[in-house]
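# Structural overview for review
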Amino acid sequence: MAILVTGAAGFIGHATTRALLARGEHVIGIDNLNPYYDPALKHARLADLAQLNHGRFDFHALDFADHEALDAALKPYDIDRIVHLGAQAGVRYSIVNPRAYVQSNLVGHLNLLELARHRQVAHCVYASSSSVYGNSATSPFSVNARVDHPVSLYAATKKADELMSETYAHLYRVPLTGLRFFTVYGPWGRPDMALWKFTAAILQRKPIDVFNHGDMRRDFTYIDDIVAGVIAALDHPAADDGMAKPGGSISPHTIYNIGNNQPEPLARMIEVLESACGERAIRNLLPMQPGDVYETYADINAIAHDLGYAPSTSIDTGIPRFVTWYREYTR
């Protein structure tokens, strides 16, 4: 039996696939390799996975929003679990190109739910986002809090994914787990995220854009800690026992936060990065951008209690690891 991983050439998808292959799983990876950021990085991640392949990784370049292509590609495989990490990412880009989010995050998510339903999979873990909390005045953010006021279309699509998943868990008893990721960073990360942009600019002695004049806080979560949470969730399907789960469902549908439980001021993140780069940043101070939130802060009590999740990587350790990788990758 195989595990399907969507977004396998993406940041979290690549790292999760790597971990699954390392423990001997057969993984079917799909990704449409779109040009939201340089596809060369996605191909490099796939090349990295090829080194661990040993015949246990099958990759298909396709758009999972195309249900006919998805069904045709997966027809030969026996799939018993799904890790659905593929999506159109990025808060700010959702303001520029909203239709891309509807197609990938809504239509695509529905296609994966239909696949899980008709294949009667044992478990489907899917990616949500800390963005669903919007500008919540209550922190840390709890999975049992109301999240009815997203401040970006990206966040709205992720909340919609959770609602669709709740419906499928209720109607078809498909075991589903949604994971709200908090500011993931580390080697093989995304070029559209602040850490990559700041590192590139600092090393090239160019200014960095610091929004809200640096007065923001983020729960930076290192990729290895994220993957540990994803794998733990995958190995523990939501129970169909009528009991309330984290997130409030009495169907087999659980929602967890995966964060570091330690919001860091943006200014401190920049200081740690400056130290790792050996260069001072040239700061271009700007106002808050539309769709941004002031703070993210994960309450991880539920996932810690249920799955033993315990993040262990601070930014003092994780950021230098990223900078070392970045220097090697960009030569």
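Residues numbered from 1 in each chain as written. Predicted model: local features only at pLDDT ≥ 70, side-chain atom pairs only at ≥ 80, totals over all residues. Heavy atoms only, no water.

## Re the pattern of salt bridges
Selection rule: The term salt bridge refers to a side-chain nitrogen of Lys or Arg lying within 4 Å of a carboxyl oxygen of Asp or Glu. Runs of E in the DSSP output that reach at least two residues are strands. Runs of H or I that reach at least four are helices, and both are numbered from the N terminus. Only protein chains enter the area calculation, which uses a 1.4 Å probe; residues under 20% of their type maximum are buried, those over 50% are exposed, and those in between are partly exposed.
Evaluated as defined, the whole model comprises 18 salt bridges. Its salt-bridge partner being R23, residue D235 comes within 2.8 Å of it at the nearest N-O pair. With a gap of 212 residues between them, D235 in the loop between helix 8 (223–234) and strand 11 (253–258) and R23 in the loop between helix 1 (11–22) and strand 2 (27–31) connect regions that are remote in the sequence. Take R23: its relative accessible area is 38%, and that puts it in the partly exposed class. A salt bridge links E274 to R280, with the nearest nitrogen and oxygen atoms 3.4 Å apart. Bridged by salt links that share partners, the residues R23, E25, D80, R81 and D235 form one connected network.

## Re helix 5 (residues 98–119)
Worth spelling out the cut-off: A helix is expected to reach a length of 1.5 Å times the quantity of its residues less one. For a residue, the bend is simply the angle between two axes, fitted respectively to the seven-residue segment ending there and the seven-residue segment starting there.
For helix 5, with 22 residues, the first-to-last C-alpha span of 31 Å sits near the 32 Å given by 1.5 Å per residue. Along its length, helix 5 reaches its greatest deviation from straightness, about 25°, at G108. Among the residues of helix 5, Y101, S104, N105, G108, H109, N111, L112, L113, L115 and A116 are the ones counted as buried. Directly beyond the C-terminal end of helix 5, a positive phi value near 50° is found at Q120.

## Overview of the sheet that holds strand 4 (residues 79–84)
Counted only if it meets this: Criterion used throughout: strands pair if DSSP finds at least two bridges between them. Helix axes are fitted to C-alpha atoms over the stretch in contact, other axes to C-alpha atoms as well, and angles between N-to-C directions run from 0 to 180 degrees. Any two residues having at least one pair of non-hydrogen atoms within 4.5 Å are treated as being in contact.
Ordered by their spatial adjacency, seven strands build an open sheet running 3-2-1-4-5-6-11, and the pairing between neighbours is parallel. Of all the strands in the sheet, the pair left with one neighbour each is strand 3 (57–61) and strand 11. With direction set aside, neighbouring strand axes in the sheet form an average angle of 20°. In this sheet, strand 5 (residues 123–129) lies alongside strand 4 in parallel orientation, the contact comprising four bridges. Looking at strand 5, one finds that I82 is bridged to C124. Helix 8 contacts strand 1 (2–6), strand 4, strand 5, strand 6 (176–181) and strand 11 of the sheet and is inclined by roughly 165° relative to strand 6.

## Comments concerning unusual backbone geometry
What is expected of a backbone is that most residues other than glycine have negative phi and most peptide bonds are trans. Going from S139 to P140, the amide bond is cis rather than trans, its omega being 0°. Note that P140 resides in the loop between strand 5 and helix 6 (153–172). For L33, which is not glycine, the phi torsion reads 55° and is therefore positive. Position of L33 relative to the elements: it lies in the loop between strand 2 and helix 2 (39–50). Residue classification places L33 among the buried residues on the basis of a relative accessible area of 16%.

## Details of the packing of helix 7 (residues 194–203) against helix 11 (residues 315–330)
Keep this limit in mind: Each crossing gets its hand from how the near helix is turned against the far one by less than a right angle, where anticlockwise is left-handed and clockwise is right-handed.
Helix 11 packs onto helix 7 with a crossing angle of 60° between their chain directions and a minimal axis gap of 11 Å. Where helix 7 crosses over helix 11, the handedness of that crossing is right-handed. Packed against helix 7, whose contacting residues are L195, W196, T199, A200 and L203, the element helix 11 presents I319, F322, V323, W325, Y326, R327 and Y329 at the interface.

## Topic: the environment of Y185
Inspection of the secondary structure puts Y185 in strand 7 (residues 184–185). Aside from chain neighbours lying at most four places away, what touches Y185 is F11, L195, F220, T221, Y222, I223, T313, S314, I315, G318 and I319.

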